[in-house]
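Residue-level structural notes
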Amino acid sequence: ARCLKLTGGEPLTKKGIMDLLSFALDQPFYEEVELLTNCSLMPEYLEELRKIIRGKEKRFHLHTSIDGLSNIGSKNTKFSLEHFENLKKLFVSLSGVKISVNSMWTKSLSDESVLIKLYKLMLRGNITRWTISFPYLVSDLKKTIKKKPDYIPDYKTVINLSKKLITLHQKLNFPFQLSIPHIFKHEMFDKGYSVSDEGFENHPCFPCHGSYLIVGPKGEIMECLLAPPATNTNI
């Protein structure tokens, strides 16, 4: 498939980004045009975006993020209540559009009530995929962890929260794609798990940002069969 991804940094800070998006969607050879943005600036672009994608909704992919509901006094952060409310309005306004949302396991997200509230946001917003992954080990994260050692919840907490979320997801008959990289979806149960080399879109470690690491139901480490032959997993 011929796909184009517009990313950054934050693409909405770039002058002319909507013109570029409009131009890309006018090119019929692009089967999908993806805009990867945290959406903090989206309210000022929303009406223009809706005009640009009108009639081309099936070829537009919005990829955004939210990491919790703490720091509710902060403006335009992925942890703020204001960001949550903005996403609610955005999802309703963009019906018929492919929407992917990414969240990070942080102290805020490890609050079960927050996690369920975000799940309901995805459910009502008719999103396509929600991915919950561990934060990337970059310099900013290292600095944060030095100041706040408990910024990332412990693994047992993540397992327990994942179990509750996946159980709820099953009861609701899988209303959207739920991906939790590094947590194999069947590790919570006694049987029925396998590591497939087919079905990339629904694979447990996709999108996994190149880690290709699955933890099995007894704590065993399994290498993803979709990993490129040269990939080495760091355990």
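Cut-offs and rules
All chains use their own residue numbering, which begins from 1 and follows the written sequence. Local features in this predicted model are restricted to residues of pLDDT 70 or higher, and side-chain atom pairs are both shown and tallied only at a pLDDT of 80 or more, whereas totals for entire chains, interfaces and linings draw on every residue. Side-chain descriptors were evaluated using all non-hydrogen atoms of the structure, hydrogens and water having been removed beforehand. With a 1.4 Å probe rolled over the protein chains alone, any residue whose accessible area is under 20% of its type maximum counts as buried; one over 50% counts as exposed, and the rest are partly exposed. Helix and strand definitions follow DSSP, with helices as H or I runs of at least four residues and strands as E runs of at least two, each counted in order from the N terminus. This arc is taken over the directions from the axis of the helix to the C-beta atoms. Should any heavy atoms of two residues lie within 4.5 Å, those residues are counted as being in contact. Distance thresholds for patches are 9 Å for like charges and 5 Å for nonpolar side chains (Val, Leu, Ile, Met, Phe, Trp, Tyr), applied to residues having over 30% relative accessible area and no salt bridge. We get accessible surface area from the Shrake-Rupley algorithm with a probe of 1.4 Å; when it comes to residues, only the shown protein chains can shield them. We define a salt bridge as a contact between a side-chain nitrogen of Lys or Arg and a carboxyl oxygen of Asp or Glu at a distance within 4 Å. Under the counting rule used here, the positive set is Lys and Arg, the negative set is Asp and Glu, and His together with the chain ends is not counted. Here the site of a charge means atom NZ of a Lys, CZ of an Arg, CG of an Asp or CD of a Glu. A pair of aromatic rings is counted whenever rings of Phe, Tyr or Trp (Trp by its six-membered ring) have centres within 6.5 Å, and the orientation is called stacked for planes under 30 degrees apart, edge-to-face for over 60 and tilted otherwise. As a per-residue quantity, pLDDT reports the predictor's confidence and falls between 0 and 100. Here, strands pair whenever DSSP counts at least two bridges between them. Only buried Ala, Val, Leu, Ile, Met, Phe, Trp, Tyr and Cys residues count toward a nonpolar core, and they belong to the same one when joined by side-chain atoms within 4.5 Å.

Re helix α2 (residues 46-53)
Burial in α2 covers these residues: Leu 46, Leu 49, Ile 52 and Ile 53. Viewed along the axis of α2, the buried residues span an arc of 120°, placing them on a single side of the element. Where the residues of α2 are buried, they touch α1 (17-25), β3 (60-65) and α3 (81-93). With its phi angle positive at about 85°, Gly 55 sits one or two positions after the end of α2.

Brief notes about a positive patch on the surface
A contiguous patch of positive charge on the surface is contributed by Lys 142, Lys 143, Lys 146, Lys 147 and Lys 148. Mapped onto the elements of the fold, Lys 147 is located in helix α5 (residues 139-147). The exposed category is assigned to Lys 147, whose relative accessible area is 72%.

Considerations on the packing of aromatic side chains
Under the defined criterion, the tally for this structure stands at 3 aromatic pairs. An angle of 55° between the planes, with centres 4.8 Å apart, marks the rings of Phe 29 and Tyr 30 as tilted. For Phe 29, a relative accessible area of 42% corresponds to the partly exposed category. Here the aromatic rings of Tyr 119 and Phe 176 are separated by 5.2 Å at their centres, their planes lie at 45°, and the arrangement is tilted.

Some words on the confidence of the model for the chain
When pLDDT is averaged along the chain, the result is 79; 73% of the residues meet or exceed 70. Per-element confidence in the chain ranges from a low mean pLDDT of 59 for strand β7 (residues 213-215) to a high of 94 for α1. Confidence drops under a pLDDT of 50 for residues 206-210, and excluding neighbours within four residues, the segment shows 12 contacts in the predicted structure.

Describing the pairing of strand β4 (residues 98-104)
In terms of burial, β4 is largely enclosed, as 6 of its 7 residues are buried. Alignment of β3 against β4, held across 5 bridges, turns out to be parallel. Residue Leu 62 lies in a different strand from β4, and its bridge partner there is Ile 99. Bridge count for β4 against strand β5 (residues 129-133) is 5 bridges, and the pairing is parallel.

Remarks on the nonpolar core
Counting residues in hydrophobic clusters, the biggest one holds 46 residues, and the most contacted among them are Leu 21, Met 42, Leu 62, Leu 90, Leu 118, Met 122 and Trp 130. A per-element tally of this core places helix α4 (residues 112-124) first, with 6 residues. Those residues in contact with Leu 118 that lie beyond four places of it in its chain are Ile 66, Gly 68, Phe 84, Leu 109 and Trp 130.

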